[in-house]
Amino acid sequence: MGMHLGLIAAKTSIAKLKAAFLSACPQLDLVATKEDFVNADEMWAWKDANEEFVTAADWDAGKPGKSVYMFWQDGAWALLLDSEYTRSSDEEALHALSSKLGIVLSFVVESAGGCAFFWCFENGSPRRKIFNSDGEMTIDGEPLTEESGIDANRYYMDETEMLWHAFGIAPYERFKSPDGCVAISVIDRTDYSAD
């Protein structure tokens, strides 16, 4: 089975992570918020109904897409599910989040492309980075205590799950449950025409 996710974790509450996230990404306009889902089916249906992918031609014609980000509390950690990997791989936004929240972790795994990334930021500074892009490794910073028993040179899906557990994070268990989930839908107002 593959793994396809972007995840941001911070030792804070959902409300504080959500506020810091929107502040760190000022190009995002909040258009809808939903919580108190009855069941997991309603939660995922709301996500599907409130996100909209647009083509480059649509974007050029002035029609931005909508993205959905979902938040859960997992003990001391607030989790943000980033299905598109855009914010969980945005180093500038992660710096900003960490400046506001202290320790921020980011995990991106896309097994279809053979990629797995891990970042740890503390008080706005990068502390640890492990990138595996189809077997090509980039590792910066000193190993974290939580990496004990993990071979960073082989970082991929199993090592990602081992790190989650070492930090006391259980995202798959949270994602299966609507309990405490807060979902937001946003429009991205970034001008990509210069890129």
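### A closer look at the side chain of Arg128
Then, number 1: The residue Arg128 is located in strand 7 (residues 125–133) in this model.
Then, number 2: Residue Arg128 is classed as buried on the basis of its relative accessible area, which comes to 5%.
Then, number 3: Among the polar contacts listed, one links the side chain of Arg128 to the side chain of Glu147, at a separation of 2.8 Å.
Then, number 4: Those residues within four positions of Arg128 in sequence are excluded, and the remaining contacts are Phe118, Trp119, Cys120, Ile139, Asp140, Gly141, Glu142, Pro143, Leu144, Glu147 and Ala152.

### Notes on the packing of aromatic side chains
Aromatic ring pairs are defined here through the distance separating the ring centres and the angle between the ring planes.
Then, number 1: If you walk through the whole model with that rule in mind, you get 14 aromatic pairs.
Then, number 2: Consider the rings of Phe117 and Phe131, whose centres lie 4.7 Å apart with planes at 45 degrees: the pair is tilted. Residue Phe117 is located in strand 6 (residues 115–122), and its partner Phe131 is located in strand 7; the two are separated by 14 residues in the primary sequence. Each member of the pair, Phe117 together with Phe131, is buried.
Then, number 3: On the basis of an interplanar angle of 85 degrees and a centroid distance of 5.4 Å, the ring pair of Trp164 and Tyr172 is categorised as edge-to-face.
Then, number 4: Judged by its relative accessible area of 1%, Trp164 falls in the buried class.
Then, number 5: Among the aromatic residues, ring-to-ring pairing joins Trp44, Trp72, Trp77, Phe107, Phe118, Trp164, Phe167, Tyr172 and Phe175 into one connected group.
Then, number 6: Between the NZ or CZ atom of Lys129 and the centre of the ring of Phe131, over which it lies, the distance is 4.7 Å.

### Some points on the environment of Thr33
Then, number 1: When you line up the elements, Thr33 lands in strand 2 (residues 28–35).
Then, number 2: You can call Thr33 partly exposed: its relative accessible area is 38%.
Then, number 3: Residues Thr33 and Lys11 lie 22 residues apart in sequence; the distance between their C-alpha atoms is 22 Å.
Then, number 4: Excluding anything up to four places from it in sequence, Thr33 contacts Lys18, Trp46, Val182, Ala183 and Ile184.

Rules of the game
- Residues numbered from 1 in each chain as written.
- Predicted model: local features only at pLDDT ≥ 70, side-chain atom pairs only at ≥ 80, totals over all residues.
- Heavy atoms only, no water.
- Helix = DSSP H or I, 4+ residues; strand = E, 2+ residues; numbered from the N terminus.
- Buried < 20%, exposed > 50% of the residue type's maximum accessible area, 1.4 Å probe, protein only.
- Polar contact = N/O pair within 3.5 Å; in protein donor to acceptor, adjacent residues only side chain to side chain.
- Contact = heavy atoms within 4.5 Å.
- Phe/Tyr/Trp six-rings, centres within 6.5 Å; stacked < 30°, edge-to-face > 60°.
- Lys NZ or Arg CZ within 6 Å of the ring centre and 35° of its normal.

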